[in-house]
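# Structural overview
Given next are the chains, with one letter for each unit.
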Amino acid sequence: MYKCIFSDLDRTLLNAEGKMSAYTVETISRLFELGIEFIPSSGRAFNSLPDQLSVLNGLNYAVTSNGVCVNDFKKRQSILSSCVPSQTIEALLKFIKDRNIYIECFVEGQGYTAKSYYENPVTKGGRISYMVEYVRATRKPVDDIWKFAFDHKDEMEAFDIICDASVAFDFEKELKEKFTDVYITHSENYLIEISSIESGKHNGMKKACDILGIDLKDCIAFGDADNDREMLKEAGLGIAVSNASDACKKSADKISVWTNNQDAVAKELREIFGF
């Protein structure tokens with residue numbers, strides 16, 4: 001019997017509107033009745049998690065910012081966290097300053113971005129309507145985001161680069177070659193996510209398991225994107241939803257026949273646990 005479920009949120013547990021269906025909420029509640037932990041594992045910062053998670057009364061922990069933080073959900077505080085080295089932030093800011101990009105900075109679970117991007121978040125990546133609402137609901141606008149980043153270089157939990165999708169792949173490769181002391185991944189084809197070398201959802205999963213005193217083999221992990229690959233590979237059972245990226249599917253033990261819009265996580269869990 002599996003003891004803990006880790007699930008990505010966007011395009012995995014959440015539907016296209018960024019919501020959990022009543023069917024999914026009921027399924028997770030049934031898991032809690034069975035004594036099974038359910039832990040959201042997201043690229044989102046803690047303050048950016050959807051309010052709807054609060055209806056899950058048995059939710060104890062959340063892994064956020066691509067494994068940077070393990071949070072006590074009920075107390076709404078970080079248990080474990082790590083920051084990007086300040087010297088790396090300085091070097092990174094100099095390296096990318098003249099690029100045609102936007103940046104987001106994450107400090108103490110809160111995201112900050114340029115006022116211009118906050119006011120018009122569709123200028124990069126062609127974000128769908130709910131993601132526009134997401135940016136405006138979860139980010140704080142800053143007049144000079146570059147100065148803000150430098151001023152907070154000692155406490156930066158994560159750092160995002162938003163660029164044109166046509167250049168993102170090569171740009172990410174370039175960053176990985178130059179900055180080897182950080183963890184670099186992506187969940188969108190226009191978004192490059194940078195955090196501590198100790199992060200990654202798989203490491204966040206390991207830290208949460210240590211807190212709970214359980215083994216990775218006793219865990220199920222669900223995901224859809226490239227930043228979920230390692231988590232799916234290292235869990236006892238890794239399941240990619242049907243709408244997952246090719247790389248994510250290759251790392252999974254199983255590919256669901258259902259998408260996030262068809263309650264893939266909930267349906268797979270009901271099959272596994274027989275209810």
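Scoring rules and cut-offs
Residues numbered from 1 in each chain as written. Predicted model: local features only at pLDDT ≥ 70, side-chain atom pairs only at ≥ 80, totals over all residues. Heavy atoms only, no water. Pairing = 2+ DSSP bridges. Helix = DSSP H or I, 4+ residues; strand = E, 2+ residues; numbered from the N terminus. Axes fitted to C-alpha atoms, helices over the stretch in contact; angles between N-to-C directions. Expected span 1.5 Å × (residues − 1). Buried < 20%, exposed > 50% of the residue type's maximum accessible area, 1.4 Å probe, protein only. Arc of directions from axis to C-beta. Contact = heavy atoms within 4.5 Å. Phe/Tyr/Trp six-rings, centres within 6.5 Å; stacked < 30°, edge-to-face > 60°.

### A word on the sheet that holds strand β10 (residues 182–188)
The strand order β8-β7-β6-β9-β11-β10 describes an open sheet built from 6 strands, whose pairing is mixed. The sheet terminates laterally at β8 (139–142) and β10, the two strands that pair on one side only. Here the strands of the sheet are splayed against their neighbours by 25° on average, with no regard to which way each runs. One ladder, built from 4 bridges, connects strand β7 (residues 110–114) with β8; its direction is parallel. By the bridge assignment for β8, Tyr-112 is matched with Lys-140.

### Concerning helix α2 (residues 22–33)
Over its 12 residues, α2 runs 17 Å from end to end, which matches the ideal 16 Å to within 8%, given 1.5 Å per residue. Buried within α2 we find Thr-24, Val-25, Thr-27, Ile-28, Leu-31 and Phe-32. Down the axis of α2, the smallest arc covering the buried residues is 160°, so these residues share one side. In α2, those exposed residues whose orientation departs by more than 90 degrees from the buried face are Ala-22 and Glu-33. Tucked into the core, α2 has its buried residues touching β1 (4–7), α1 (9–13), β2 (37–40) and α11 (264–273). Residue Gly-35 follows α2 closely and has a positive phi angle near 80°.

### Let's talk about the environment of Trp-258
Relative to the elements of secondary structure, Trp-258 occurs in the loop between β14 (254–255) and α11. Each C-alpha atom of the pair Trp-258 and Thr-185 lies 25 Å from the other, and the pair is 73 residues apart in sequence. Contact partners of Trp-258, with chain neighbours within four places excluded, come to Val-241, Ser-242, Ala-264, Lys-267, Glu-268 and Glu-271.

### Looking at the packing of aromatic side chains
Counted by the stated rule, this structure contains 4 aromatic pairs. Aromatic pair Phe-95 and Phe-179: ring centres 5.8 Å apart, planes at 70°, arrangement edge-to-face. Of this pair, Phe-95 sits in helix α3 (residues 86–96) while Phe-179 sits in the loop between α7 (165–178) and β10, and the two are 84 residues apart along the sequence. According to the relative accessible area criterion, Phe-95 is partly exposed, its value standing at 23%. Phe-179 gets classed as buried once you look at its relative accessible area, which sits at 7%.

### Brief notes about the sheet that holds strand β5 (residues 77–80)
The 3 strands are arranged β3-β4-β5 in an open sheet whose pairing can be described as antiparallel. Two strands lie at the open edges of the sheet, namely β3 (61–64) and β5, each paired on one side alone. Ignoring which end each strand starts from, the neighbouring axes of this sheet average 40° apart. Judged from the 3 bridges that link them, strand β4 (residues 69–72) and β5 form a sheet pairing that is antiparallel.

### Topic: α11
Among the 10 residues of α11, 7 are classified as buried, and the element is accordingly described as predominantly covered. Looking only at α11, the buried set comprises Ala-264, Val-265, Ala-266, Glu-268, Leu-269, Arg-270 and Phe-273. Note on α11: the residue one or two positions beyond its end, Gly-274, has a positive phi of about 70°.

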